[in-house]
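Residue-level listing of the chains:
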Amino acid sequence: MVQFPRLRLRDPAIDLVDLPWEMPLADWSSDRLAFRHVPVGPSRHLVRFLLSNGVLYALKELPLDVARREYDVLLHLEGLGLPTVEVAGIAEAPSRDAGILVTKFLPHSLQYRRLMMRLPAGPGPHRERLLDAMAFLLIDLHRSGVFWGDCSLANTLFRRDGDRIQAYLVDAETGEVHPALSDGQRAWDLEILVENVAFGLADLAAMQDRDDGAHNADDAEDAILAAERVRERYEWVWRLINDEPVLHPDDRQAIRNRVRKLNELGYTADLDVDPSAEEGGVRLRMSVTTRRFHARELERRTRIRALEGQARLLLNDLNEYAAWVEWSEARKLDRGEAEERWLREVYRPTLARISQTVGPSRDLIQAYCDVLEQKWYLSEQAGQDVGLAAATDSYLAIGAPAPEIVRGNDASSLLDAAEDEAIAEIDALGALDVEPFPDDPDDAEDGAGVEDAGAGRETGEGRAEMAPSDP
């Protein structure tokens, strides 16, 4: 008699209890279960995607100890609020030394490797922004004491976050959780990333060479240089976060610039100005949190929960609206009035207008951010602020495009039918006209933030400077 495995399911995945957990995953019948084809490339272990009650789950069978470790690591990451897939359960079968790990497919996401297969080979703004996001992901993990051990294009997911890109961990088989990582552990994990990314980019370039019959001898060198650039991005931000510069006690502007750069990257910082430095200077120490600065501020002011990049755009919109109201009514708004009026007169009505077009499968907050981006583009073309209503009309008129569109019930369309739209959406994020990170944090002490220098587009300050107009 086959022994039923130990089964742990987290709400709302408890409806999966009726699945044939006592059987190997390969033996589960496709006739009785709603399996979906999701083209995510090769995997070391069997992975099958199952649709249940409108939720797409990834089921992966692997050795029992590995399955248990990955389950624990994913739970830990989720508890810290780090960008990762959500673990839904695990079935443990000691009799055959196997475990089936269940995770929820990350909504509105695309696999890095799958997306980069559709991008032009070689350097370009799309690739640079995607690799930037990988550097930030590894930094977030390392600051939380997590050693990944297998960061690659296949194990990383892309998701739009306002006008930025957020990378997500999707595979934690080799993950380890420590109270803190040593410099050696961080360096080794970063080296794994560099090697995997270089190999992945070279492999994709070779595939494109085979498709068009050409061969570029520089493909491998380009892939190595691109991967090394991820290391440089990582090390720049790590120094910015952990550096303890000695400053002149009267140079308050340098302190403010440091804090502002961290805020622009999404970090909240607590200051510790130590006057005991040599030669009359002060040593600046900062306790830096995870990248949720704008998200926490937006939730505090409006109770809206959003991703970090989305929250930054929404706060810009709120502040711009408040400035317009104060200008048009020639008075100072009372405490909380700006937030209440923005929610009632701007945010909620706009969501109501676009929700019927974008549908329930879309990230509605991201769609609102897309409207704000459309407003920016139209205003640039017109040479004046066109207003939110006109931007909403234009956005709906072009079909409210976004890469996370799901057509029908086939979950594979999440990747297949949306990839060209995803590339267009990355392009809409703006090209990096200059290097996003200087070689050293002290090279940017003039106050120019990363987004200011790199994107060549709007920032929080940029939106505030737009001429007041009817939203």
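Keep in mind the model is a prediction, meaning the values are calculated, not measured. (Residues numbered from 1 in each chain as written. Predicted model: local features only at pLDDT ≥ 70, side-chain atom pairs only at ≥ 80, totals over all residues. Heavy atoms only, no water.)

(A) The overall build of the protein chain, seen in detail. Helix and strand counts for the protein chain come out as 14 helices and 14 strands. Counting over 471 residues, the protein chain shows a buried share of 53%. Considering only contacts within the protein chain whose residues lie at least 6 apart along the sequence, 66% involve residues at least 24 apart. About 21500 Å² of surface is accessible on the protein chain, with carbon and sulfur atoms providing 51% of the total. (Helix = DSSP H or I, 4+ residues; strand = E, 2+ residues; numbered from the N terminus. Buried < 20%, exposed > 50% of the residue type's maximum accessible area, 1.4 Å probe, protein only. Contact = heavy atoms within 4.5 Å. Areas by Shrake-Rupley, 256 points an atom, 1.4 Å probe, with all protein chains shown as cover.)

(B) Seen up close, unusual backbone geometry. Here Asp 11 and Pro 12 are connected by a cis peptide whose omega angle stands at 10°. Summarising the element assignment, Pro 12 is placed in the loop between β1 (6–9) and β2 (35–36). One non-glycine residue, Ala 330, lies in the positive phi region at around 50°.

(C) Just the nonpolar core, in detail. Among the nonpolar cores identified, the biggest contains 69 residues, and Tyr 112, Met 116 and Tyr 267 are the most heavily contacted of them. The next biggest cluster of nonpolar side chains, apart from the first, holds 32 residues, and it includes Ala 311, Leu 314, Tyr 347 and Tyr 368. (Core = buried A, V, L, I, M, F, W, Y, C linked by side-chain atoms within 4.5 Å.)

(D) Inspection of the sheet that holds strand β3 (residues 47–52) at higher detail. Strand order across the open sheet formed by six strands is β1-β5-β6-β4-β3-β2, with antiparallel pairing between neighbours. Here the strands that pair on one side only, and so sit at the sheet edges, are β1 and β2. Two elements, β2 and β3, share two bridges in a ladder whose sense is antiparallel. Following the sheet pairing, Arg 36 is matched in β3 by Phe 49. (Pairing = 2+ DSSP bridges.)

(E) Molecular detail of the pattern of salt bridges. Summed over the entire model, instances satisfying the criterion amount to 34 salt bridges. Arg 231 is paired through a salt bridge with Glu 228; the nearest N and O atoms lie 2.8 Å apart. Within this pair, Arg 231 and its partner Glu 228 are both found in helix α5 (residues 219–242), separated by three residues, close to a single helical turn. Owing to a relative accessible area of 15%, Arg 231 belongs among the buried residues under this scheme. (Salt bridge = Lys/Arg side-chain N within 4 Å of Asp/Glu carboxyl O.)

(F) Molecular detail of the confidence of the model for the protein chain. Per-residue pLDDT for the protein chain averages 79, and the proportion of residues at 70 or more is 82%. When pLDDT is averaged over each element of the protein chain, strand β8 (residues 146–147) comes out on top at 96 and helix α13 (residues 450–455) at the bottom at 29. (pLDDT = per-residue confidence, 0-100.)

(G) Representation of the packing of aromatic side chains. If you walk through the whole model with that rule in mind, you get eight aromatic pairs. Judged by centre distance (5.0 Å) and plane angle (25°), the rings of Trp 342 and Tyr 347 are stacked. Taken together, a centroid distance of 6.5 Å and an interplanar angle of 85° make the contact between Trp 342 and Tyr 368 edge-to-face. Of this pair, Trp 342 sits in helix α9 (residues 337–358) while Tyr 368 sits in helix α10 (residues 364–382), placing them 26 residues apart in sequence. Clustering of aromatic rings is evident, with ring pairs tying together Trp 342, Tyr 347 and Tyr 368. Sitting over the face of the ring of Phe 35, Arg 48 holds its NZ or CZ atom 3.7 Å from the ring centroid. (Phe/Tyr/Trp six-rings, centres within 6.5 Å; stacked < 30°, edge-to-face > 60°. Lys NZ or Arg CZ within 6 Å of the ring centre and 35° of its normal.)

(H) How the structure looks around the packing of α9 against helix α11 (residues 388–397). It is at 11 Å that the axes of α9 and α11 come closest, and there the two elements cross at 10°. The angle between the axes of α9 and α11 places the two elements in the roughly parallel class. Across the interface between the two elements, Val 346, Thr 350, Arg 353, Ile 354, Thr 357 and Val 358 of α9 pack against Leu 388, Ala 389, Thr 392, Asp 393, Tyr 395 and Leu 396 of α11. Across the contact of α9 with α11, the residue classes break down as seven nonpolar, three polar and two charged. (Axes fitted to C-alpha atoms, helices over the stretch in contact; angles between N-to-C directions. Parallel < 35°, antiparallel > 145°, perpendicular 65-115°, else oblique. Nonpolar A, V, L, I, M, F, W, Y, C, P; charged D, E, K, R; others polar.)

(I) Expanded view of helix α7 (residues 293–302). Among all positions of α7, only His 294, Ala 295, Leu 298 and Thr 302 are buried. Within α7, the buried residues cover an arc of 100° as seen down the axis, which keeps them to one side. Of the surrounding secondary structure, the elements contacted by the buried residues of α7 are α6 (252–264), α8 (308–329) and α9. Downstream of α7 by a residue or two, Arg 303 has a phi angle that is positive, lying close to 70°. (Arc of directions from axis to C-beta.)

(J) Here's a closer look at the sheet that holds strand β10 (residues 164–169). With antiparallel pairing, three strands are arranged side by side in an open sheet as β7-β9-β10. Of all strands in the sheet, those with a lone pairing partner are β7 (110–111) and β10, marking the two edges. Pairing of strand β9 (residues 156–161) with β10, which is carried by six bridges, proceeds in the antiparallel orientation. Within the sheet, the bridge partner assigned to Arg 160 lies in β10 and is Ile 165.

(K) Summary view of the environment of Met 134. Along the chain, the position of Met 134 falls in helix α3 (residues 125–143). Residues Met 134 and Thr 156, 22 residues apart in the sequence, show an inter-C-alpha distance of 7.8 Å. Excluding residues within four positions of it along the chain, Met 134 makes contact with Tyr 112, Cys 151, Ser 152, Leu 153, Thr 156, Ala 167, Leu 193 and Val 197.

(L) Structural view of the side chain of Asp 150. With respect to the element layout, Asp 150 can be found in the loop between β8 and β9. Within the structure, the side chain of Asp 150 is placed 3.0 Å from the side chain of Asn 155, a separation counted as a polar contact. In this view, Asp 150 contacts Arg 44, Asn 155, Thr 174, Asp 189, Ile 192 and Asn 196; residues no more than four positions away in its chain are not counted. (Polar contact = N/O pair within 3.5 Å; in protein donor to acceptor, adjacent residues only side chain to side chain.)

(M) Seen up close, the pairing of strand β4 (residues 55–63). With seven of nine residues buried, β4 is to be regarded as a mostly interior element. Of the pairings in the sheet, the one linking β3 to β4 comprises six bridges and is antiparallel in character. Bridge pairing links Phe 49 to Ala 58 in β4. Of the pairings in the sheet, the one linking β4 to strand β6 (residues 98–104) comprises seven bridges and is antiparallel in character. From the neighbouring strand, Glu 61 faces β6, where its bridge partner is Ile 100.

(N) Structural view of the environment of Ala 180. Tracing the sequence through the fold places Ala 180 in the loop between β11 (176–177) and α4 (183–212). As a C-alpha pair, Ala 180 and Arg 143 span 37 residues in sequence and 7.5 Å in three-dimensional space. Sequence-distant contacts of Ala 180, defined by excluding residues within four places in its chain, comprise Gly 145 and Gln 185.

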